[in-house]
Amino acid sequence: MSHESAPVQGLRFEISTLIVQTAFFGLVLAFLIFMAAGVTMLAAPLALAFLIAFALNPAVDFLESLGLPRILATTLALLLLVAALVLLFEFVVPLATAEVRALLEDEEQLKKRIYAGLVNLQSLSRGVLPESVVLGELAPDKNLARIDEIAGSLLPKDFAWLGDALTYAIITPILTFIFLLQGQEIYRSLIGMVPNRYFEMAVALVNNMRTQIIAYLRGLSMQWLIMLVIAGAGFYIVGLPYAPLAAFLVATTNLVPYLGPMMGLVCAAGIALLQPGAALLAPTLAVIGVAQLVDNVFTQPVVLAGSVEIHPVIAALAVIALGQYFGMAGMLVAIPLASIVLVSIEIMYRQLKAFGVI
């Protein structure tokens, strides 16, 4: 009897083992799906919190090296950030509000000025573009209706966005605090899970990502600041109305690869066309030309040199792909993300080839 029951016991053992394994992997899969859904819904605050924590981490490490506990150093760094933002908004928000208020103060007058700008654009296009395009696509009445339609589509239809904004405003600081407080522990835990033979590869990948992100953020900030100063000073000198607002739009859109400079040109030229006779159009275009010349001759080769290493064709494809799925934000991060992926593939290929895996 004992010999006959042995196969049965072995079968029961295999079945129970299979059930336990299935339950384990099922729970893991369910947890991953649950977490993926949460990450998808909170992608924006997660990304923002990660970038803020990444920028503040050196300050927290410095404060911790002075003898402060990690939690106190993190709290102090966040308080300093909040104080800096408050001071910034004290100066920037009133100025931006005044600019927008002046621009929208009289809706009817604004529509008349936009119509006059469209007439100026149509007259400037005569002899340059085909007459059918000038009379058809550039007709002031038709384009004014298009502008009204676009402006209406940009306005929120309800107040549902307030809930998302409030959620992000609460979650982002909490996630930033957690990343700063436990970032090193999370990093060590993840690295500790890597098998010993791949440990060097994992460390190299993390260091590569860290280097790429730091270089990209530093270069992007300097590019934005240089463009803002040049455009702002130039617009002020030529007398362009709403010069700070126009300079901010030009500097911010310039961060978007390929399409950004054209978007900034359209914004500034649109404001210039609103003026009588479009007299400020040529000086405004000259200012943008100087700013772009400095950006292409000095900022990108010197300031942004080495921040990303990627072939122009791959960069263009990455911008198109991520722009299609994630809009402007996707276009902004496309090049550094593609660079990180390519360099990571190169590191993994070298390491795996050295281990004989491939």
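Residues numbered from 1 in each chain as written. Predicted model: local features only at pLDDT ≥ 70, side-chain atom pairs only at ≥ 80, totals over all residues. Heavy atoms only, no water.

1. Remarks on the overall build of the protein chain
Next up, step 1: Regarding its fold elements, the protein chain presents twelve helices and zero strands.
Next up, step 2: For the protein chain, the α and β elements follow one another from N to C terminus as α-α-α-α-α-α-α-α-α-α-α-α.
Next up, step 3: Counting the 358 residues in the protein chain, one finds 28% classified as buried.
Next up, step 4: For the protein chain, the computed accessible surface area is about 22,900 Å², with 75% contributed by carbon and sulfur atoms. (Helix = DSSP H or I, 4+ residues; strand = E, 2+ residues; numbered from the N terminus. Buried < 20%, exposed > 50% of the residue type's maximum accessible area, 1.4 Å probe, protein only. Areas by Shrake-Rupley, 256 points an atom, 1.4 Å probe, with all protein chains shown as cover.)

2. Let's talk about the packing of aromatic side chains
Next up, step 1: Applying the stated criterion across every chain, the model contains two aromatic pairs.
Next up, step 2: Summarising the aromatic geometry, the rings of Phe-50 and Phe-54 are spaced 5.7 Å apart at their centres and angled 45 degrees between planes, so their arrangement reads as tilted. One end of the pair is Phe-50 and the other is Phe-54, both in helix α2 (residues 43–65) and four residues apart, which spans about a single turn.
Next up, step 3: Judged by its relative accessible area of 40%, Phe-50 is partly exposed. (Phe/Tyr/Trp six-rings, centres within 6.5 Å; stacked < 30°, edge-to-face > 60°.)

3. Observations regarding the pattern of salt bridges
Next up, step 1: For the coordinates displayed, the defined rule picks out two salt bridges.
Next up, step 2: Of the charged contacts, one joins Arg-70 and Asp-61 as a salt bridge, the two residues approaching to 2.6 Å between their closest N and O atoms.
Next up, step 3: In this structure Asp-61 comes out as partly exposed when scored by relative accessible area, which is 30%.
Next up, step 4: Judged by relative accessible area, which is 13%, Arg-70 ranks as buried.
Next up, step 5: Taken together, the shared-partner salt bridges in this structure form one network comprising Asp-61, Glu-64 and Arg-70. (Salt bridge = Lys/Arg side-chain N within 4 Å of Asp/Glu carboxyl O.)

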